[in-house]
Amino acid sequence: MDYVRRVPAPPLKQFVDDIYCLTGVPRHRRLNVPPMPSTHLMINLAGPVRLYDSDPAVPPALLTGGWFMGVWSRRFVIEHHAPARVVGVHFKPWGMSPFVDVPLTELRDRWVPADALWGHSFDRLRDRVAGAVTTGEMLQIVEAELRSRLPGAPSYGLGLIDYTAGRMEASWGAAPVGTLSDGAGVSGNHLAAQFKVHVGLTPKRMARIYRFARLILSVDARH
């Protein structure tokens, strides 16, 4: 598998960790994905991809054109049936919020077809990405689309989350939630309500995911 990534410049970097292109034959057809502090947009340019929830009550999904995914608090599985060709965006946990018109609680532990949120503009974006000559051009097209969708100024709630979640990210979830709310000058209940809207989880649950991710990455680094 070939993985090429592009880290956008500010102000997009405030919301996006990277834009990437994944191509080739996966080493393993099924990829187990643990809870991670990120949200996603995936643009599929190859055969259908099947997604399995670790909750057996949720039926598998067969996705084709593209999809958004919120923060996941449990494991899921991605299965490629053909050589992969995916262009995607790794948003920060709060980073998808300015680009979709739904509370992030509606995307928690869920995947949603991209055209359900972006309409026909997603189809046009996918066509442009598919028609690009180089990987670099693909990534530039997606970055330009995201820049065009950035609001002129973030809402109060998003600014609050950017401040507090950014500190949570820097500490890998070790910063006490009470310290974050005190530093922002808001109550814990108010911070939790804004986290649910812009992240999809409470600050305490998000902090646990950061700590779990740090553990997973430290184990990977030793192998």
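Residues numbered from 1 in each chain as written. Predicted model: local features only at pLDDT ≥ 70, side-chain atom pairs only at ≥ 80, totals over all residues. Heavy atoms only, no water.

**A closer look at the sheet that holds strand E10 (residues 111-113)**
Stated precisely, the cut-off is as follows: Pairs of strands are assigned from DSSP output, requiring at least two bridges between the strands. Numbering of helices and strands runs from the N terminus; a helix is a DSSP stretch of H or I covering at least four residues, while a strand is a stretch of E covering at least two. Axis lines are fitted through C-alpha atoms, for helices just across the contact stretch, and the angle between N-to-C directions can take any value from 0 to 180 degrees. Residue contacts follow a heavy-atom distance rule, with two residues in contact if any of their heavy atoms lie within 4.5 Å.
The 6 strands lie next to each other as E1-E2-E9-E4-E7-E10, forming an open sheet whose pairing is antiparallel. If you trace the sheet from one side to the other, it starts and ends with strand E1 (2-6) and E10, each paired once. Neighbour-to-neighbour, the strand axes of the sheet open up by a mean angle of 20°, direction not taken into account. Pairing of strand E7 (residues 66-69) with E10, which is carried by 3 bridges, proceeds in the antiparallel orientation. Counterpart to Trp-67 in the pairing with E10 is Pro-113. Running over the sheet, helix H3 (residues 135-149) touches E1, strand E2 (16-24), strand E4 (39-44) and strand E9 (84-91) and is turned about 145° from E2.

**Side note on unusual backbone geometry**
Negative phi is the rule for most residues except glycine; trans is the rule for most peptide bonds. We count it as follows: Categorising residues by exposure relies on relative accessible area from a 1.4 Å probe, with only protein chains included: less than 20% of the type maximum marks a residue as buried, more than 50% marks it as exposed, and the intermediate range marks it as partly exposed.
Here the amide bond leading from Pro-10 into Pro-11 is cis, since omega sits at 0°, within 30 degrees of zero. Backbone geometry places Asp-109, a non-glycine residue, at a positive phi of 55°. Here Asp-109 is to be found in the loop between E9 and E10. Given a relative accessible area of 11%, Asp-109 falls into the buried group. Despite not being glycine, Trp-172 shows a phi value in the positive range, around 55°.

**Here's the deal with helix H4 (residues 156-170)**
Let me state the cut-off plainly: Given a helix with a known number of residues, its expected span is that number minus one, times 1.5 Å.
The terminal C-alpha atoms of H4 lie 21 Å apart, and with 15 residues this matches the ideal 21 Å at 1.5 Å per residue to within 8%. Every buried residue belonging to H4 is among Gly-157, Leu-158, Leu-160, Ile-161, Thr-164, Ala-165, Gly-166 and Met-168, and all of these are buried. One or two residues past the end of H4 sits Trp-172, with phi positive at roughly 55°.

**Observations concerning the pairing of strand E8 (residues 76-80)**
Taken across its 5 residues, E8 has 5 buried, putting it largely inside the fold. Burial of E8 is two-sided: the residues Phe-76, Ile-78 and His-80 facing one way and the residues Val-77 and Glu-79 facing the other way are all buried. Strand direction decides the pairing type here: strand E3 (residues 30-33) and E8, joined by 4 bridges, are antiparallel. Bridge pairing in E8 places Val-33 opposite Phe-76. Judged from the 5 bridges that link them, strand E5 (residues 49-53) and E8 form a sheet pairing that is antiparallel. Along E8, the bridge assignment pairs Asp-53 with Phe-76.

Keep in mind these values describe shape, not function.
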